[in-house]
Amino acid sequence: GYDLEKVVGIRYNVELRMDVEIGDAPERDELLKSVNYLSVYEQVAEEIQKPSNILENVAWRILERIHSAFPQIVTSTIKISKLAPPLGGKVEKVSVILSK
């Protein structure tokens, strides 16, 4: 079959909110007790490169992965949008929001 997304590429916009419990890390300026945002970015980038049939799967994999990597994340919400989806019309983006 002809997969238009593989030909034109997939572009995502990801908005991620994390509620974290980091104790006294802000007062002590302790990076190790905080969340490494570069690592979060890299994990998100890796997950959006993996094939998936639905946005909800991509979003859930991201949430699962960051919660596993950073147990100090108490709750998180992700909004992931597929930009210029191949829907045959003039749709700017489609989005899903998930929380964990």
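Look up: the structure comes first, before these words.
Calculation rules
Residues numbered from 1 in each chain as written. Predicted model: local features only at pLDDT ≥ 70, side-chain atom pairs only at ≥ 80, totals over all residues. Heavy atoms only, no water. Helix = DSSP H or I, 4+ residues; strand = E, 2+ residues; numbered from the N terminus. Contact = heavy atoms within 4.5 Å. Polar contact = N/O pair within 3.5 Å; in protein donor to acceptor, adjacent residues only side chain to side chain. Expected span 1.5 Å × (residues − 1). Buried < 20%, exposed > 50% of the residue type's maximum accessible area, 1.4 Å probe, protein only. Arc of directions from axis to C-beta. Salt bridge = Lys/Arg side-chain N within 4 Å of Asp/Glu carboxyl O.

*Asks:* What's the story with the environment of Glu-47 in this structure? I'm lost.
*Replies:* Take Glu-47: it is sitting in helix 3 (residues 37-49). Remark: the alpha-carbon pair of Glu-47 and Ile-62, spanning 15 residues in sequence, is separated by 6.3 Å. If sequence neighbours within four positions are ignored, Glu-47 has contacts with Val-58, Arg-61, Ile-62 and Arg-65. At 2.9 Å, the side chain of Glu-47 forms a polar contact with the side chain of Arg-65.

*Asks:* Even after reading the chapter, I still don't get helix 3, so can you show me in this structure?
*Replies:* In an α-helix, one full turn covers 3.6 residues, which means residues spaced three or four apart are oriented alike. Between its terminal C-alpha atoms helix 3 stretches 19 Å, which fits the 18 Å expected from 13 residues at 1.5 Å a residue. Residues of helix 3 that are buried: Ser-39, Val-40, Gln-43, Val-44 and Glu-47. In an axial view of helix 3, the angular spread of the buried residues amounts to 135 degrees, which keeps them on one side of the axis. The outward face of helix 3, more than 90 degrees from its buried face, is lined by the exposed residues Leu-38, Tyr-41 and Gln-49. Contacts made by the buried residues of helix 3 are with strand 1 (11-20) and helix 4 (55-69). Capping of helix 3 at its N-terminal end is provided by Asn-36; its side-chain oxygen lies 3.1 Å from the backbone amide nitrogen of Leu-38.

*Asks:* I keep staring at the pattern of salt bridges and nothing clicks. Help me out?
*Replies:* When their charged atoms lie close together, side chains carrying opposite charge are able to pair. Summed over the entire model, instances satisfying the criterion amount to six salt bridges. Residues Glu-46 and Arg-65 are paired through a salt bridge, measuring 2.5 Å at the closest nitrogen-oxygen approach. In this pair, Glu-46 is assigned in helix 3 and Arg-65 in helix 4, connecting sequence segments 19 residues apart. You can call Glu-46 partly exposed: its relative accessible area is 43%. The class for Arg-65 is partly exposed, based on a relative accessible area of 24%. Note that Glu-47 is salt-bridged to Arg-65, the shortest N-O span being 2.9 Å. Pair noted here: Glu-47 is in helix 3 and Arg-65 is in helix 4, with a separation of 18 residues, a long-range link. Classification of Glu-47 by relative accessible area gives buried; the value is 4%.

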